[in-house]
Amino acid sequence: TVLREVSFDVSLGQMLGLVGENGAGKSTLMNIIGGVLLPDSGHMAISAASYAPHTARDAQAAGIAFIHQELNLFPNLTIAENIFLTQFPIKSWCGRFGGSIDRRAMLTQSASLLEQVGLNASPRQRVDTLSAGERQLLEIAKALQLQPQLLILDEPTTSLTFRETTRLFELLRALRSQGIALI
């Protein structure tokens, strides 16, 4: 058994750090909350309502964004394409197929998200040109595009320099002050 008798609360605007040895179950717990793994038993709740995600999309629908330890980016695509990969803004028009990707909106919204996380890059820039720290900021921008109430980061500083780590924690404190809960 990896997780037994685990209990904790996290409130909006609160930052909670989970600390433990390798194999203690931190990533497993985050994967359960993030809808990646199903628990064998137990109960989770959000605002006193039962929460039992079966998929990562269920977690996203509940306002939870999860940034995995291994970054989930496509280096051959642009920053904007990575941010909106699962939810491109659509231009509405009448017709059989419903619309097309609104690239202008995608670029505008991406620029706003990049500014919010402090990543000085063009939304048109390819991801393979970014440093590890910049990719971490891009992952956070992707997560913020979902407008989460809870942001989970699994070992976010593993591949970062001291300066990048300092910058990351400044951003996390800013997100906390905006009312986002962080684990």
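Residues numbered from 1 in each chain as written. Predicted model: local features only at pLDDT ≥ 70, side-chain atom pairs only at ≥ 80, totals over all residues. Heavy atoms only, no water.

Our next topic: the overall build of the protein. Of the regular secondary structure elements, the protein holds 6 helices and 7 strands. Rg of the C-alpha trace for the protein: 17 Å, near the compact-globule value of 16 Å for 183 residues, within the 12% margin. For the protein, the spread of C-alpha atoms along the principal axes amounts to about 50 × 45 × 30 Å. Counting over 183 residues, the protein shows a buried share of 36%. Summarising the internal contacts of the protein: among those between residues at least 6 apart in sequence, 63% fall at separations of at least 24. (Helix = DSSP H or I, 4+ residues; strand = E, 2+ residues; numbered from the N terminus. Rg over C-alpha atoms; globule rule 2.2 N^0.38 Å. Buried < 20%, exposed > 50% of the residue type's maximum accessible area, 1.4 Å probe, protein only. Contact = heavy atoms within 4.5 Å.)

Attention now goes to the nonpolar core. I79, I83, V117, L138, I140, L151 and L175 are the most contacted members of the largest nonpolar core, which has 30 residues in total. Looking at this core, the elements with two or more residues in it are strand 3 (64-67), helix 3 (79-83), helix 4 (103-117), helix 5 (132-145), strand 6 (150-153) and helix 6 (162-177). Here this core gets 6 residues from one element, more than from any other, and that element is helix 5. Setting aside its immediate chain neighbours within four residues, L138 contacts L73, I79, N82, I83, L119, V127 and L130. Core analysis: the second largest hydrophobic core is formed by 11 residues, L29, I33, A59 and A181 among them. (Core = buried A, V, L, I, M, F, W, Y, C linked by side-chain atoms within 4.5 Å.)

To continue, consider the pairing of strand 3. Alternating residues of strand 3 divide into I64 and F66 and A65 and I67, and every residue in both groups is buried. The sheet contact formed by strand 3 and strand 6 spans 4 bridges and is parallel. Paired with A65 across the strands is L151, a residue of strand 6. (Pairing = 2+ DSSP bridges.)

The next thing to look at is the environment of H68. Within the secondary structure, H68 is located in the loop between strand 3 and helix 3. Classification of H68 by relative accessible area gives partly exposed; the value is 29%. Residues H68 and N31 lie 37 residues apart in sequence; the distance between their C-alpha atoms is 8.7 Å. With sequence-adjacent residues up to four places away left out, H68 is seen in contact with N31, V36 and D154.

All right, on to the pattern of salt bridges then. For the coordinates displayed, the defined rule picks out 2 salt bridges. With its nearest N and O atoms 2.5 Å apart, the salt bridge here joins R126 to D128. On the basis of relative accessible area, R126 is assigned to the partly exposed category, the value being 40%. (Salt bridge = Lys/Arg side-chain N within 4 Å of Asp/Glu carboxyl O.)

The 3 strands lie next to each other as 3-6-7, forming an open sheet whose pairing is parallel. In the strand order of this sheet, the two ends are held by strand 3 and strand 7 (181-182), each with one partner. Pairing of strand 6 with strand 7, which is carried by 2 bridges, proceeds in the parallel orientation. Each residue of the ladder has a partner; that of L150, found in strand 7, is A181. Helix 5 rests against strand 3 and strand 6 of the sheet, and its axis sits at about 165° to strand 3. (Axes fitted to C-alpha atoms, helices over the stretch in contact; angles between N-to-C directions.)

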